[in-house]
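# Per-entry structural report
Given next are the chains, with one letter for each unit.
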Amino acid sequence: MQTAAYPASSTDQTSKVDGYMDRQPDGTPKSPPQEQKNNGSEQEEQKSVEKTNSSSNVYSSGIPAALDEATMSQPAPSASEGPQVESMQSMQEAGSAEQQQPSFSTDKPAPSSSEASSRSTETQQYRNTGRSADNFRDRQLRKARLVQLLDLQRKRIRPADHTTKGRYGIQDFDCLQTLGTGSFGRVHLVQSKHNRLFYAIKVLEKRKVVDMKQVEHTCDERHILSRVQHPFITILWGTFQDAKNLFMVMDFAEGGELFSLLRKCHRFPEKVAKFYAAEVILALDYLHHNQIVYRDLKPENLLLDRFGHLKIVDFGFAKRVSTNNCFTLCGTPDYLAPEIISLKPYNKAADWWSLGIFIFEMLAGYPPFYSENPMKLYENILEGNISYPQYFSSSSIDLMNHLLQRDITNRYGNLKDGSMDIIMHPWFRDISWDKILTRKIEVPYVPPIRAGMGDSSQFEAYATGPTNYGGTENPEFTDIFQDF
Ligand SMILES: Nc1ncnc2c1ncn2[C@@H]1O[C@H](COP(=O)(O)OP(=O)(O)OP(=O)(O)O)[C@@H](O)[C@H]1O
């Protein structure tokens, strides 16, 4: 668990709706410098900013300096100044290509639901940009190829009987330091006594889980994580329990939380944000195609592996869904979709809303509806008025406007083309999705760790917690948790 600091000086604490503390902003947002309301009235200025960005070799930022767009065209800070967010060659090459395209217009309001259904969104986009029929066909071909590739990934599900139940226990691991704490226990770095490899073990106190009425969520988390198999989702190797605790053995994401990197950098350059957004989109696309809604997207739940790729953790709110059948009020306030706050039934579209918030937070350094007062925060979300900082590009704003649609029938990700509307959006024009999926792309930031050594330097230091696990006396709730 990390202490957030969007802002520089607030003492407010926002908590997860289900009652657990998760974000602790210790400052108010710097009043966002001259913001633009939804559309690009400053488009000329933005274009010149985009130009500066694309010609820059630098995808970096320093600690603690805010990364303004001007900084991006200057040499990268030295290692001692902060995390290096390295260049992504392929994106960079394509980035200059982006400049040759007409910038995506945000002057027009998003189409109404009737318009959206009566014509293909992408045809409309292409009409807007005035591109030729040939380009349109190219795009259709590219899209078909992408769908094929994604379909392969979407079908990868681990077998239901994949389980290590009864084969391991906490005695098979040396329990090392704490990596993070949660509402029901903590996550430890551990080393297997058998293969000497390092893992992260999430320990949940059964009594707390029961007292906080999280039994179903916990069992869902175990069940869902044991089935999914995706490059950007943490692997659950096995689960077991002792008398008082539940244990989930996962791969150790050595690079720490994206949250920490974002707070150190203050905000990410567009190309960096695009990279992380792309990995998240592929993971959400995968989950949704397997009828799973994630429901807790935020930078705290995105860890970096040793290579700098994302791993989504914490499936405590993930749920199998068919259509509109979720009602539970859960998630993290800043990232809640309006339909959740209004207690309406909701579905996978809520994750695409959170993606819009995530992209905004990466680019701005604070979430769009932030308020110290939780009631005001909810009001802001329901009103849906967004002030985009001036330095946002017009195409990023266009994408966020399509994601942060209060009406889910207009929200990208939830239209007839599903996630393809997002994947094919002009903001991602310079992304090689096949390279992202196969992890064959240069990452923007490689965590400075000694890989495979149990190096936890990218995590906050925690006071030593309990490690006296493994008790067998008076086992609790064995019937409730018989699957663990
Ligand atoms: N696989 C992992 N590798 C490394 N660190 C991890 C891993 N999983 C979790 N952590 C660390 O532990 C923290 C808490 O994990 P997680 O969010 O899963 O626990 P939780 O009990 O569900 O927390 P919360 O109450 O916030 O939902 C994470 O923020 C992260 O810092």
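Residues numbered from 1 in each chain as written. Predicted model: local features only at pLDDT ≥ 70, side-chain atom pairs only at ≥ 80, totals over all residues. Heavy atoms only, no water.

Moving on: the packing of helix H12 (residues 349-364) against helix H14 (residues 394-403). Where H12 meets H14, the axes come as close as 8 Å, and the angle between the chain directions of the two elements is 150°. Taken together, the axes of H12 and H14 are roughly antiparallel relative to one another. Note on packing geometry: the crossing formed by H12 with H14 is left-handed. Seen from H12, the contacting residues are Trp352, Trp353, Leu355, Gly356, Ile359, Phe360 and Leu363; seen from H14, they are Ser396, Leu399, Met400 and Leu403. When grouped by side-chain class, the residues that make up the contact of H12 with H14 number nine nonpolar, two polar and no charged. (Axes fitted to C-alpha atoms, helices over the stretch in contact; angles between N-to-C directions. Helix = DSSP H or I, 4+ residues; strand = E, 2+ residues; numbered from the N terminus. Parallel < 35°, antiparallel > 145°, perpendicular 65-115°, else oblique. Left-handed = near helix turned anticlockwise from the far one by under 90°. Contact = heavy atoms within 4.5 Å. Nonpolar A, V, L, I, M, F, W, Y, C, P; charged D, E, K, R; others polar.)

Tracing the chain through its elements places tyrosine 366 in the loop between H12 and helix H13 (374-383). With 106 residues separating them in the primary sequence, tyrosine 366 and threonine 472 have C-alpha atoms 46 Å apart.

Per the UniProt record, "binding site: ATP" (unreviewed entry) is found at Lys202. Using a relative accessible area of 14% as the deciding quantity, one classes lysine 202 as buried. Setting aside residues no more than four positions away along its own chain, lysine 202 makes contact with Arg186, Val187, Glu221, Leu246, Phe247, Met248, Met250 and Asp314. (UniProt positions renumbered as here; feature names shortened; annotations may be inferred. Buried < 20%, exposed > 50% of the residue type's maximum accessible area, 1.4 Å probe, protein only.)

Mapped onto the secondary structure, threonine 218 falls in helix H8 (residues 215-227). Accessibility expressed as a relative area gives 2% for threonine 218, which makes it buried. Polar contacts involving the side chain of threonine 218 include one to the main-chain carbonyl oxygen of glutamine 214, which spans 2.7 Å. Among all residues touching threonine 218, those that are not within four sequence positions of it are Leu204, Val209, Leu246 and Phe484. (Polar contact = N/O pair within 3.5 Å; in protein donor to acceptor, adjacent residues only side chain to side chain.)

It is worth spelling out the packing of aromatic side chains at this point. A complete count under the given rule lists 18 aromatic pairs for this structure. With a centroid separation of 6.5 Å and 80° between ring planes, the pair formed by tyrosine 199 and tryptophan 237 is classed as edge-to-face. Within this pair, whereas tyrosine 199 is found in strand S6 (residues 198-205), its partner tryptophan 237 is found in strand S7 (residues 236-241), the two being separated by 38 residues in sequence. Classification of tyrosine 199 as buried rests on a relative accessible area of 13%. Centroid distance tyrosine 388 to phenylalanine 392: 6.0 Å. Interplanar angle 45°. Geometry classified as tilted. Here the aromatic cluster, defined as three or more aromatic residues joined through ring pairs, consists of Phe173, Tyr199, Trp237, Phe240, Phe247 and Tyr469. In this structure, arginine 222 is placed above the aromatic ring of phenylalanine 484, and the distance from its NZ or CZ to the ring centre is 5.8 Å. (Phe/Tyr/Trp six-rings, centres within 6.5 Å; stacked < 30°, edge-to-face > 60°. Lys NZ or Arg CZ within 6 Å of the ring centre and 35° of its normal.)

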